[in-house]
Amino acid sequence: MLLKLNNIYKTFGGVKSLLGTKESAIEAVNDVSLTINHKENLGLVGESGCGKTTLARIILKLYGINSGQIIFDGTDITRMSNRKFRPLRKSVQMVFQDPYSSLDPRFTVREILKEAISLDEVKYKSEAEQEQKMISLLKEVQLSGDILSRYPHEFSGGERQRIAIARALILSPKLLILDEAVSSLDVLIQDQILQLLTAIQKRHDITYLFISHNLKVVKRLCHRIAVMYKGKVLELGSCDDIFDNPLHPYTQELLTAAVEYRSTERSTDLKIPDKGRLIEKTKGHFIIEG
Amino acid sequence: MPNPIVTVQNLSVEVKQTGAKIVRNVSFSVEPESVTALVGGSGSGKTTTGMSILKLLSPALKVSSGQILYKGFNLSAFSESKMQEIRGREIGVVFQEPLYAFNPVFTIGDQIDEVLRFHTQQGVIQRKEKILHLFDLVGLPDPARIYMSYPHQLSGGMRQRAMIAQAIAADPDLIIADEPTSSLDVTLQAKIIELFHDLRSKLKLSIVLVSHDLGLVKHLSDQVIVMKQGEVVEAGKTNTVIEKPQEEYTKDLLKAVEVK
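Looking at the overall build of chain B
Next up, step 1: Counting secondary structure elements, chain B contains eleven helices and ten strands.
Next up, step 2: Taking 2.2 N^0.38 as the reference for a compact globule, 260 residues should give roughly 18 Å; the C-alpha atoms of chain B span a radius of gyration of 18 Å, in line with that estimate.
Next up, step 3: Along the three orthogonal principal directions, the C-alpha set of chain B runs to about 50 × 50 × 40 Å.
Next up, step 4: Going through the 260 residues of chain B one by one, you find that 45% of them count as buried.

With respect to the nonpolar core
Next up, step 1: Of all hydrophobic cores here, the largest spans 152 residues; its most connected members are L209 and V227 of chain A together with V39 of chain B.
Next up, step 2: Formed jointly, this core draws a minimum of three residues from each of two domains, domain 1 (3-91 + 174-185 + 205-289) and domain 2 (99-170) of chain A.
Next up, step 3: Beyond its immediate stretch of four places on either side in the chain, V39 of chain B contacts K46, S211, H212, L214, V217, V224, I225, V226, M227 and L253 of chain B.

Observations regarding the domain arrangement of chain A
Residue and element names in this part refer to chain A.
Next up, step 1: For chain A, the domain assignment lists domain 1 (3-91 + 174-185 + 205-289) and domain 2 (99-170).
Next up, step 2: The distance between the C-alpha centroids of domain 1 and domain 2 comes to 30 Å.
Next up, step 3: Taken residue by residue, the interface counts five residues in domain 1 and five residues in domain 2.
Next up, step 4: Among the residues making up the side of domain 1 that touches domain 2, the classes are represented as three nonpolar, one polar and one charged.

Quick word on the pairing of strand β3 (residues 35-39) of chain B
All names here are of chain B.
Next up, step 1: Counting buried residues in β3 gives five out of five residues, a clear majority hidden from the surface.
Next up, step 2: Where burial is concerned, the two faces of β3 agree: the one with V35, A37 and V39 and the one with T36 and L38 are both buried.
Next up, step 3: Taken together, the five bridges between β3 and strand β8 (residues 206-211) define a ladder with parallel strand orientation. What sits directly across from V39, in β8, is S211.
Next up, step 4: For β3 and strand β9 (residues 223-228), the ladder comprises four bridges, and the chain directions are parallel. Within β9, the residue paired with A37 across the bridge is V224.

Observations concerning the interface of chain A and chain B
Next up, step 1: Tallying the contact residues gives 23 residues for chain A and 22 residues for chain B.
Next up, step 2: Those elements giving two or more residues to the side of chain A that touches chain B turn out to be α7 (187-203), α8 (215-221) and α10 (249-260) of chain A.
Next up, step 3: For the side of chain A that touches chain B, the per-class residue count stands at eight nonpolar, seven polar and eight charged.

A few points about the sheet that holds strand β5 (residues 75-76) of chain A
Residue and element names in this part refer to chain A.
Next up, step 1: Pairing is antiparallel across the open sheet formed by four strands, whose spatial order is β2-β1-β4-β5. Each end of this open sheet is capped by a strand with a single partner; those strands are β2 (26-36) and β5.
Next up, step 2: Pairing between strand β1 (residues 3-12) and strand β4 (residues 67-72): five bridges, direction antiparallel. Directly across from N6, in β4, lies its bridge partner Q69.
Next up, step 3: Docked against the sheet, helix α1 (residues 52-59) engages β1, β2 and β4, running at close to 60° with respect to β2.

A word on the sheet that holds strand β1 (residues 6-15) of chain B
Residues and elements named next belong to chain B.
Next up, step 1: Here four strands make up an open sheet; going across it, the order is β2-β1-β4-β5 and the pairing antiparallel. This sheet does not close on itself; its edge strands, each paired only once, are β2 (21-30) and β5 (73-74).
Next up, step 2: Relative to the sheet, helix α1 (residues 46-53) contacts β1, β2 and β4 (61-70), its axis offset from that of β1 by approximately 120°.

Structural notes on α10 of chain A
Next up, step 1: With twelve residues, α10 of chain A should cover 16 Å at 1.5 Å per step; its first-to-last C-alpha distance of 16 Å lies within 8% of that length.
Next up, step 2: Taken together, the buried positions of α10 of chain A are occupied by Y250, T251, E253, L254, L255, A257 and A258 of chain A.
Next up, step 3: Next to the buried residues of α10 of chain A lie β3 (42-45), α8, β9 (224-229), β10 (232-238) and α9 (239-244) of chain A together with α8 (186-203) of chain B.
Next up, step 4: At the C-terminal side of α10 of chain A, Y261 of chain A shows a positive phi close to 55°.

Looking at the environment of I206 of chain A
Next up, step 1: Within the element layout of this structure, I206 of chain A appears in the loop between α7 and β8 (207-212).
Next up, step 2: Considering only alpha carbons, one finds I206 of chain A and V92 of chain A, 114 residues apart in sequence, at a separation of 9.9 Å.

A word on the environment of E31 of chain B
Residue and element names in this part refer to chain B.
Next up, step 1: Relative to the helices and strands, E31 resides in the loop between β2 and β3.
Next up, step 2: Counting along the chain gives 79 residues from E31 to D110, while the straight-line C-alpha distance between them is 33 Å.
Next up, step 3: Leaving out residues up to four positions away in the same chain, E31 has contacts with P2 and P4.

About the thresholds
- Residues numbered from 1 in each chain as written.
- Chains lettered and ligands numbered in written order.
- Predicted model: local features only at pLDDT ≥ 70, side-chain atom pairs only at ≥ 80, totals over all residues.
- Helix = DSSP H or I, 4+ residues; strand = E, 2+ residues; numbered from the N terminus.
- Rg over C-alpha atoms; globule rule 2.2 N^0.38 Å.
- Buried ≥ 20, exposed ≤ 12 C-beta atoms within 10 Å, placed from the backbone.
- Core = buried A, V, L, I, M, F, W, Y, C linked by C-beta atoms within 7 Å.
- Domains from an automatic or database assignment.
- Contact = placed C-beta atoms within 7 Å.
- Nonpolar A, V, L, I, M, F, W, Y, C, P; charged D, E, K, R; others polar.
- Pairing = 2+ DSSP bridges.
- Axes fitted to C-alpha atoms, helices over the stretch in contact; angles between N-to-C directions.
- Expected span 1.5 Å × (residues − 1).

In structure tokens:
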């Protein structure tokens, strides 16, 4: 097991003011438990504001949590200090949605990659050796080595996302979090990036956590899918479970929207049981029940 | 057969400085009350083609040959001030990213009011009534509150609806929608597509839809123009193109949005 999240709970706001009035807190992640197995990609799906990015940031320990437990690669990292966590953080890398803002416009590709290389435990003997490492990484993401002295603005969106992936791969992470990593690209480039990620996984010991609002895209890369809504995981199952036999009305709604481009008229508001637990319906296929 | 609203004839657009052709010999026409989709990957010239109809090309580009007829009139003969009368009044536009398309320091109501002030003779009360009615039409809840809201106070889906309200405010005959759903998540995307459907029949609109997603286009358009590197590679009725694509490129575009 690579990552285990136990009953993660995270709220924003809700601070008591001087006069004792309390503004109500937003429950961004509400009692979420998930596991990611080694080399078993998990897709995290839901609409904007459902808490999927918050969860990613919790895994990276960029946000603290109110309660719960995070176990990464056998180590409990929940209360670990930043200093202790730093060596482990190399094993979890992230690729962001917008490659226009995730790459520093004043850095050349060489400088962007070098920054990550300088954190590597492997000490490179010479500049030439580092250069070699960078070129081989660019080759990995199907870019040519002679782009090293160019700046981000000289590249298309797809190429930029490849550079971001190359940077994330430098420290040989065990878990790569892709937060809407293809959403800003056109469908053809999306396809190329997804194929690239599959190819990388064949060569490296890497697992993906793929965050997206589009079930169709998630299906291409992931083995299992978790559907999130208002901070809770409503349904969890294999791709086939979710696509062929979606149990929760919200999953059905997402599926209709992604596949048929139709919205669903909700007869009643989605009732999310506050104390709901994921119940296993068939093997490996869970749905929330209160 | 009624006269087409827009006819694009052998349109070519090039970069002024280098002479590089962005759009090459593109021809198509838009029938009244129909939806035409311009489809292709990034850099295929689909947005440039769409924006040429509004004469909103970047200053670095120019139309090098061909012409665009709007209701039979040659657009190239129109002055900039004449074009200003056409934009909004005759041809509305919906951009991809509604956050950037609105001015952050004015309320939504104010910005739509500007369209009506410019294009119509209506008084203050009439205009406000019209705007509240527009909000209702595009499915925005609590129109009075939206009117007073600033762009950042609305969610992405609501901003997109507000922009559509702005585009149809002066009752244009044609809407150019450039990737109107690309910045939205799938559930909102489906709702916006349905809104376009609805508006089209209610307001007898023609729509030019620019998109990279053939799956989406399938659900909204009557004809499809597939573009690659500035050229039209395939064009025809939507059903025909989707069911029997002839070109490899079209097949690739279709394959990319299939459920595997």
